Amino acid sequence: MKVSFNELEARLKKAAKGAGLPWGLGEEFAKSLVWLAQRNVRLDAWVADFLKDQKCSDQLAGWAYELDLRAVASEPQEPSVGEYWVWLGFQGRLAKIQNAELDFETIRVSPVSLELFGHSEAEYYTQSAEPILRADVSSALWNELEIFEYKTYAPESEASRLKGAGAGVTDND
Amino acid sequence: MSMALRTPDRLMKLNRLGSFHPSRMSFMHQLLRRMGREHWRYEQRLFDIDERGVGRAVLTMHTPERSYSLVAFAHDLPDELRSDRVIAQAWDATFCLFDGIPTAADVARLETQVPGQETARLTPTELCLSRANRSVRLWNGVVETLSQGLQPSLDSLSEVGYLMRTTAVYGSGKFGLCDRSLIAERPELNAPFQAEMLTVFLIRQFVLDLLNRCARNAGGDAAVELAPELARTLGIGNSTGLGMAPFLVNHPRLIDRWIGAREGALAQICECSSFAPEPLSRALARLARGKANLPRWRSAHPYQVERVAQLKRDLDHLESVDLSSPQASLEWAEERLSDEGREYWITCLLEAYPDITDRWSEQMSIDESKDYEIDGRWTLGQTLDAIDAHFGWALDRDWDQSETARVWYVSQEKLEPRLAERAEEPVEPYEQPLAPGRDMAAFAVALQQSNAINLASFLLQHPEHRHTARRLQWVCKSPFGEIHDNTISAELKPIDMLRLKLSFFGANYFDPRSDRWLRICMFADAPFATELSASNCEGWG
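Since the structure is predicted, the reported quantities are computational estimates derived from the model, not experimental observations.

1. Re the overall build of chain B
Here is step 1 of the chain: Counting secondary structure elements, chain B contains 21 helices and 11 strands.
Here is step 2 of the chain: Against the compact-globule benchmark of 24 Å for 541 residues, chain B has a radius of gyration of 24 Å, which places it among compact chains.
Here is step 3 of the chain: With respect to the principal axes defined by its C-alpha atoms, chain B has extents near 80 × 55 × 45 Å.
Here is step 4 of the chain: By residue count, 63% of the 541 residues in chain B fall in the buried class.
Here is step 5 of the chain: Counting contacts in chain B only where the partners sit at least 6 residues apart, residues at least 24 apart contribute 75% of the total.

2. Remarks on the nonpolar core
Here is step 1 of the chain: Of all hydrophobic cores here, the largest spans 154 residues; its most connected members are L198, L202, F206, W345 and F523 of chain B.
Here is step 2 of the chain: Take this core: its biggest share by element is 14 residues, from helix α8 (residues 194-219) of chain B.
Here is step 3 of the chain: Within the second largest apolar cluster, 52 residues are counted, among which are L21, W85, I132 and L141 of chain A.

3. Quick word on the pattern of salt bridges
Residue and element names in this part refer to chain B.
Here is step 1 of the chain: Under the criterion given, the structure shown has 69 salt bridges over all chains.
Here is step 2 of the chain: The salt bridge partner of E538 is R24, with a shortest N-O separation of 3.0 Å. Of this pair, E538 sits in the segment after β11 (518-522) while R24 sits in the loop between α2 (14-17) and α3 (27-37), and the two are 514 residues apart along the sequence.
Here is step 3 of the chain: E538 sits in the partly exposed class, given a relative accessible area of 27%.
Here is step 4 of the chain: A relative accessible area of 1% means that R24 is categorised as buried.
Here is step 5 of the chain: We note a salt bridge from E111 to R56, for which the minimum N-O separation is 3.0 Å. Residue E111 is located in helix α4 (residues 104-113), and its partner R56 is located in strand β2 (residues 55-62); the two are separated by 55 residues in the primary sequence.
Here is step 6 of the chain: Taking relative accessible area as the criterion, R56 reaches 25% and is therefore assigned partly exposed.

4. Some words on the sheet that holds strand β4 (residues 93-99) of chain B
All names here are of chain B.
Here is step 1 of the chain: Spatial ordering of the open sheet is given by β1-β2-β3-β4-β5-β6-β7-β11-β10, a layout of 9 strands whose pairing is mixed. Each edge of the sheet is formed by a strand with only one pairing partner; in this case those strands are β1 (41-49) and β10 (508-512). Sheet twist, expressed as the mean angle between neighbouring strand axes with direction ignored, is 25 degrees.

5. With respect to the interface of chain A and chain B
Here is step 1 of the chain: Contacts between chain A and chain B engage 44 residues on the former and 63 residues on the latter.
Here is step 2 of the chain: Both sides of the chain A and chain B interface together cover about 4600 Å² of buried area, and 48% of this is carbon and sulfur.
Here is step 3 of the chain: On the surface where chain A and chain B come into contact, there are 7 salt bridges.
Here is step 4 of the chain: For the salt bridge of E28 of chain A with R466 of chain B, the shortest nitrogen-to-oxygen distance reads 2.7 Å.

6. Examining the packing of aromatic side chains
Working definition: an aromatic ring pair is given by the centre-to-centre distance plus the angle between the planes.
All names here are of chain B.
Here is step 1 of the chain: Under the criterion given, the structure shown has 29 aromatic pairs over all chains.
Here is step 2 of the chain: With a centroid separation of 6.1 Å and an interplanar angle of 55 degrees, the aromatic rings of F47 and F206 are classed as tilted. Placement of F47 in strand β1 and of F206 in helix α8 is noted, with a sequence separation of 159 residues between them.
Here is step 3 of the chain: Judged by its relative accessible area of 0%, F206 is buried.
Here is step 4 of the chain: Over the ring of F528 we find R204; its NZ or CZ atom is 4.0 Å from the centre of that ring.
Here is step 5 of the chain: Cation over ring: R262 sits above F20, and NZ or CZ is 4.0 Å from the ring centre.

7. Some remarks on the confidence of the model for chain B
Here is step 1 of the chain: Looking at chain B as a whole, the pLDDT averages 94, with 98% of positions reaching at least 70.
Here is step 2 of the chain: Complex prediction metrics read pTM 0.95 and ipTM 0.94.

Here is what the cut-offs are and how they apply
- Residues numbered from 1 in each chain as written.
- Chains lettered and ligands numbered in written order.
- Predicted model: local features only at pLDDT ≥ 70, side-chain atom pairs only at ≥ 80, totals over all residues.
- Heavy atoms only, no water.
- Helix = DSSP H or I, 4+ residues; strand = E, 2+ residues; numbered from the N terminus.
- Rg over C-alpha atoms; globule rule 2.2 N^0.38 Å.
- Buried < 20%, exposed > 50% of the residue type's maximum accessible area, 1.4 Å probe, protein only.
- Contact = heavy atoms within 4.5 Å.
- Core = buried A, V, L, I, M, F, W, Y, C linked by side-chain atoms within 4.5 Å.
- Salt bridge = Lys/Arg side-chain N within 4 Å of Asp/Glu carboxyl O.
- Pairing = 2+ DSSP bridges.
- Axes fitted to C-alpha atoms, helices over the stretch in contact; angles between N-to-C directions.
- Buried area = accessible area lost by both parts, 1.4 Å probe.
- Phe/Tyr/Trp six-rings, centres within 6.5 Å; stacked < 30°, edge-to-face > 60°.
- Lys NZ or Arg CZ within 6 Å of the ring centre and 35° of its normal.
- pLDDT = per-residue confidence, 0-100.

So this is what it looks like as structure tokens:
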């Protein structure tokens, strides 16, 4: 399915929080994936798998640390699909900040583009000459992220409905 | 107060921000000036409304380069289903703003999506999504009066101020709408919320056309249309609750552009050593218009009744304002008036110097995707100095129980932002990051206890402070973007936050219904799309 980049970023940020990450790391996670989506990387189950991995918090904190220092983070060794792509998203953002090309063994990222050379993860990426107007997200992933997102929302109650939003019993004019 | 003293610490208090009035910098006013000066052309391409007032319409504005179309659907809504809340599921009318001219297939597709509103899936050719409900107090009575060949009284119209009110106007990629980044470079959409304002402007035209059609349906040849001078006094109402409040906290760099542009214009205006006749005449004309319109600002809420009364006293008092120079008049207002009057005089000054104000109005947007990342090369000392410089007001508080009495959260049902009493409702685990003062104070304490060599190393050990660290660095460059008040205090009045944003939209006649939701009016006194021209696109409202 196709979603707007704004929707994608909002859902990813909240899903990360729902998965137990602090808001700030969720923001880094979301921005990195939006960078990928804007270059036509298809987001699939690997996104949720990454969030469910116990290492994801430390990995995100580590990649964010390198980005904070404007340094390249080492390519992960024998990464899962999710680790590979999220790491790549961070490098793409670094390339954008530095307005430079970054070369890795089988990848080149620049401020606006991404090139994979015979890489196995290329199944999720299609280079496109056309501007990318929407993010390509599998329906299953979108629904799974929503489940995480809903963990950040308070359960409904009549009292909350009346008191918390402030409107009276009659909203009608 | 000299311009040198107009610092964020003085100006960014909620009581002051909640006293802002619309001005020519407001987004509605910017839109109308552009439409009038560029001679945008209005076209009603479709108006297929049946005898029940149900159907569809396409209203198009043609710019010199492009076209934008409001696609409208009018429904037959039972009274008991009418609600302004996000939890509503049906409305009297639903809308979207289409990028271009929709084909019949587009309209058919949109008819399957737009009436569902929050359940809709839209595409990049749709820019905005909205809905509106009739004023039960006014609609039926005006239809009946017109159907009998009579005009309603101005007083009855002024009692409400609008025939229909929107309860949301969505843009920026929500529900699959076009992302702002894809259209922000268009000159006509670069200023903030121009697509949303255009949507409401065209909704106002649709509402008038629908009213006249319903009157004709009811009265046949005996019916008359609403007189233009009466119609023009009506705006589009809006019912705004807490949903708008998080925006002010979540977009400090954008808010800084709005308020910074206003302060920049004022500073340049105050460089004029005296009031020339024409600017003086414009300022006084704006003041006179405010006084003439004040009786139409009606509210039953005691908080607003007192503010309107105070504004009236201030507007009367402004007859004695020191007019030796703009600077002198501003200082006079700051010394002698309440916040309501001070802010209204600022609106008059901005109106007095349109060339200055309009140039600064061009600087109210920002690309928030730029400079997003944290600079972790700061030392901890540098970070603490920055907190002290920009968040000293937060460090001065104890952050005890009364200071943290409230908690912002989002409800599971319809994703509605709400504000709870922390001690009374079990929602703390779901707290949203909307308390920058408290969080910055906690960040400062953690920094003082750390021996990390730089901010990056600190955040590696304490990722829970990343969100706050990023905000600090933003606010260092965007000092007018931070509200210098406690957003989770027991004394917080959320309507002050809402009024700040709404004043920049250009909305007026704020009518609080509680401390956390209010009704306002948009485009009241503005020309309609059918009559808009270069000569009437400003000087209204």
